[in-house]
Amino acid sequence: MVLNDRRRDLARINEIVHVLIKHGFESFALYISNKNSRIPFINRNISEDMPNDANVRLRFVLQELGTTFIKLGQTLSTYPELISFDLAHELSLLQESAPVDDFEVVKEIIESEFSRPLDEIFDEFSEEPIASASIGQVHTAFLNNKYVAVKVQHPGIKKTIKSDIRIMNIIANRLDNRLDIAKSYNLPGLVDVFERDIKKELDYKFEAMNAIHLYDLLKNDDIYVPKVYREYTTSKVLTMEYVDGVSLNTVLNSKDDKYDKEHIALQGADSFIKQILEYGFYHADPHPGNIFVLENNNVAFVDFGMMGHLDDDLREDLAKLFIFISEGDAKLLTKQLMYMGIVDDSNDYKEIEYEILQLLDRYYGIQFNDISGVLRGLIEDDLLNEYGVILPRDLMMVIRTLSMIDDVGRSLKPDFNTTEIVKPYALKLLLNTAKPKRLMSKTASTIMDVEHLSKKLPASLLNFFSVVEDGHLNIALDMEEVDRLNAITSRIVNEIVLAIITAALLVGSSLIMGIDSGIHVLGYPILGFIGFTFSA
């Protein structure tokens, strides 16, 4: 068994090498090939009809290698800070496709999942699929007289992906050992992240829960999210309402006046921004194939395998970033980036502020409309390398999503302005942070932090003094390190003091809020109102 796996792995690696050479990546192929194997003899010259753009050719490589590598490319597209925004954009264009499975195979999978004959599950079931992607194919059916779409996973796809991930690990480790520049990308770590992501996509119950969550959030909006039939959904079969519309790709390529492209652009973008800033749960793969347009020109979402999650703190930080970018305020934007830990605060503040000012000047005009452009600039410029800019993956997914929304919006409406949509939601979110309910939530969190610190600090100090008393403390710091340590210590002490004061203000103000007498402002006792305002 192990020997057979090794033979299959070797054959697959040779296939990968062959495809790389075919698309003009011979030097790269040499690094991943077995040292004892011979590079296959094919025409090594890039043909005239082959694109000169290496990013496009790499997309062709991944497309040709199939399901797992297409999914890898889509995952890498969420890391533009590692692979560049141009390549990330190119990889986001990867199209999933796969051969269609015979109806008898599909029938067998469904009957195995539900332990019942197909005609006892569905009233009618179409034998021909309406779409086939890399992981599954979609059939239409009638369920209790309702028209539904049934996604059925391809047989053996889990085994194929497991085998390819094993090969990816081999390739990642070879590159890590043989190519110095590859070490800084932590390729084995990226493969691990990809493996976790694709395991979720292989479980249709996970996608079903995403769709149900988004449906609940948007049920009062004009945006259409298909209903999931949970009792007819398993890890390999997903049953949803049929979306009676056309793909956004069709709308983009159409010159027919029946499509209100301006309405589609504004409604779709508004929903995405609302999902990000108001709900913190959003569709993170808004390419045109995942967006449908209904007969009334309203937008519908499909494919809920890739969703973004943002906690309250990150949503508030994003809102501030958006406001400072839209106002062209380099000073506050720099402070916010440092506060979020995106820019290391050991850097020279004025130098970073100057660089960010230059970045804003590039995009800021009479009508500023490019928030995503500034965010992309943070990634593409030398700020990443020169000042140690670190963008967390959650933020990277938001930037990628905003960039895709911006591209699609401008394709539909040339004067599309993201800022006009983002700014009201950002301001609303920041105003909501001053509400008593949100402040009380922050109070509870602050009190827990202070309580935890008060419990841990005495023991930590005793351990420190014990080490000093035993004479085992070795100190070797130069003056720069001492200054840096002093700055960090001062900041920590300041934050602790501020946390204690904030907690005291919030607790005191909360108690005062319960008092009915005295002067009131906006329905609240004035002292409580002032306390909440200052603690905010």
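These notes cover the structure that comes with them. Fair warning: this is a prediction, and the values are worked out from it, not measured in the lab. (Residues numbered from 1 in each chain as written. Predicted model: local features only at pLDDT ≥ 70, side-chain atom pairs only at ≥ 80, totals over all residues. Heavy atoms only, no water.)

Examining the overall build of the protein
Each helix and strand counted, the protein has 24 helices and 12 strands in total. Looking at the 536 residues of the protein, the share that counts as buried comes to 44%. In the protein, the proportion of contacts linking residues at least 24 apart, taken out of those at least 6 apart, comes to 65%. Taken as a whole, the protein presents about 28900 Å² of accessible surface, with 54% of it coming from carbon and sulfur. (Helix = DSSP H or I, 4+ residues; strand = E, 2+ residues; numbered from the N terminus. Buried < 20%, exposed > 50% of the residue type's maximum accessible area, 1.4 Å probe, protein only. Contact = heavy atoms within 4.5 Å. Areas by Shrake-Rupley, 256 points an atom, 1.4 Å probe, with all protein chains shown as cover.)

Considerations on the pattern of salt bridges
Tallied over the entire structure, the rule returns 17 salt bridges. The shortest N-O distance in the salt bridge between Glu-353 and Lys-331 comes to 3.9 Å. Of the two residues, Glu-353 sits in helix α17 (residues 349–363) while Lys-331 sits in helix α16 (residues 330–339), which places them 22 residues apart along the sequence. Residue Glu-353 is classed as buried on the basis of its relative accessible area of 14%. The network of salt bridges with shared partners includes Arg-12, Glu-15 and Asp-164. (Salt bridge = Lys/Arg side-chain N within 4 Å of Asp/Glu carboxyl O.)

Some words on the nonpolar core
Counting 106 residues, the largest nonpolar core has Leu-277, Phe-301, Leu-318 and Phe-322 as its most contacted members. In this view, Phe-301 contacts Leu-214, Leu-218, Ile-223, Tyr-224, Val-225, Pro-226, Ser-271, Phe-272, Gln-275, His-283, Asn-290 and Ile-291; residues no more than four positions away in its chain are not counted. (Core = buried A, V, L, I, M, F, W, Y, C linked by side-chain atoms within 4.5 Å.)

Some thoughts on the packing of aromatic side chains
Per the counting criterion, the structure on display carries six aromatic pairs. Where Tyr-147 meets Tyr-242, the ring centres are 4.7 Å apart and the plane angle is 50°; that geometry is what we call tilted. Taken together, the residues Tyr-147 in strand β4 (residues 146–153) and Tyr-242 in the loop between β5 (237–241) and β6 (245–247) connect sequence positions 95 residues apart. Since its relative accessible area comes to 37%, Tyr-147 is described here as partly exposed. Given a relative accessible area of 26%, Tyr-242 falls into the partly exposed group. When the centroid spacing of 4.9 Å and the interplanar angle of 50° are considered together, the rings of Phe-272 and Phe-301 count as tilted. Within this pair, whereas Phe-272 is found in helix α14 (residues 261–279), its partner Phe-301 is found in strand β9 (residues 299–301), the two being separated by 29 residues in sequence. Among the residues examined, Phe-272 registers a relative accessible area of 2% and is labelled buried. (Phe/Tyr/Trp six-rings, centres within 6.5 Å; stacked < 30°, edge-to-face > 60°.)

Details of the environment of Glu-15
With respect to the helices and strands, the residue Glu-15 is situated in helix α1 (residues 2–22). Measuring from C-alpha to C-alpha, the distance between Glu-15 and Leu-65 comes to 8.5 Å, with 50 residues separating the pair along the chain.

Details of a negative patch on the surface
A cluster of acidic residues, Asp-102, Glu-104, Glu-108, Glu-127 and Glu-128, forms a negative patch at the surface. Using a relative accessible area of 62% as the deciding quantity, one classes Glu-128 as exposed. (Patch = residues over 30% accessible without salt bridge, like charges linked within 9 Å, V, L, I, M, F, W, Y side chains within 5 Å. Lys, Arg positive; Asp, Glu negative; His and termini not counted. Charge placed at Lys NZ, Arg CZ, Asp CG, Glu CD.)

Here's the deal with the pairing of strand β3 (residues 136–143)
Of all eight residues in β3, seven are buried, a share of seventy percent or more. Pairing between strand β1 (residues 124–125) and β3: two bridges, direction antiparallel. For Glu-124, the partnering residue across the bridge sits in β3 and is Phe-142. Relative to β3, strand β2 (residues 131–132) runs antiparallel, the two sharing two bridges. Bridge pairing links Ser-132 to Gln-137 in β3. Here β2 hands over to β3 after three residues, the two strands then running antiparallel side by side. The loop that links β3 with its antiparallel partner β4 comprises two residues; one of these, Asn-144, has a positive phi angle of about 55°. (Pairing = 2+ DSSP bridges.)

Here we look at unusual backbone geometry
You will see that Asn-297, though not glycine, has its phi angle at about 70°, which is positive. On the secondary structure map, Asn-297 appears in the loop between β8 (291–294) and β9. Of note, the phi angle at Asp-303 is positive, near 65°, even though the residue is not glycine. As for its position among the elements, Asp-303 is in the loop between β9 and β10 (307–309). Since its relative accessible area comes to 29%, Asp-303 is described here as partly exposed.

Quick look at the sheet that holds β6
Spatially, three strands are ordered β6-β8-β9 in an open sheet, and the strand pairing comes out antiparallel. Edge positions in the open sheet fall to β6 and β9, since each of these has one partner strand only. On average, each strand axis in the sheet is tilted by 35° relative to the strand beside it, whichever way the strands run. One ladder, built from three bridges, connects β8 with β9; its direction is antiparallel. Directly across from Ile-291, in β9, lies its bridge partner Phe-301. (Axes fitted to C-alpha atoms, helices over the stretch in contact; angles between N-to-C directions.)

So, helix α4 (residues 67–76)
Buried residues dominate α4, accounting for nine of its 10 residues. Turning to α4, its buried residues are Thr-67, Thr-68, Phe-69, Ile-70, Lys-71, Leu-72, Gly-73, Gln-74 and Thr-75.

A short note on helix α11 (residues 187–201)
Along its 15 residues, α11 runs 21 Å from first to last C-alpha, staying within 8% of the 21 Å computed at 1.5 Å per residue. Among the residues of α11, those classed as buried are Pro-188, Gly-189, Leu-190, Val-191, Val-193, Phe-194, Ile-198 and Glu-201. (Expected span 1.5 Å × (residues − 1).)

By themselves, these figures tell us nothing about what the structure is for.
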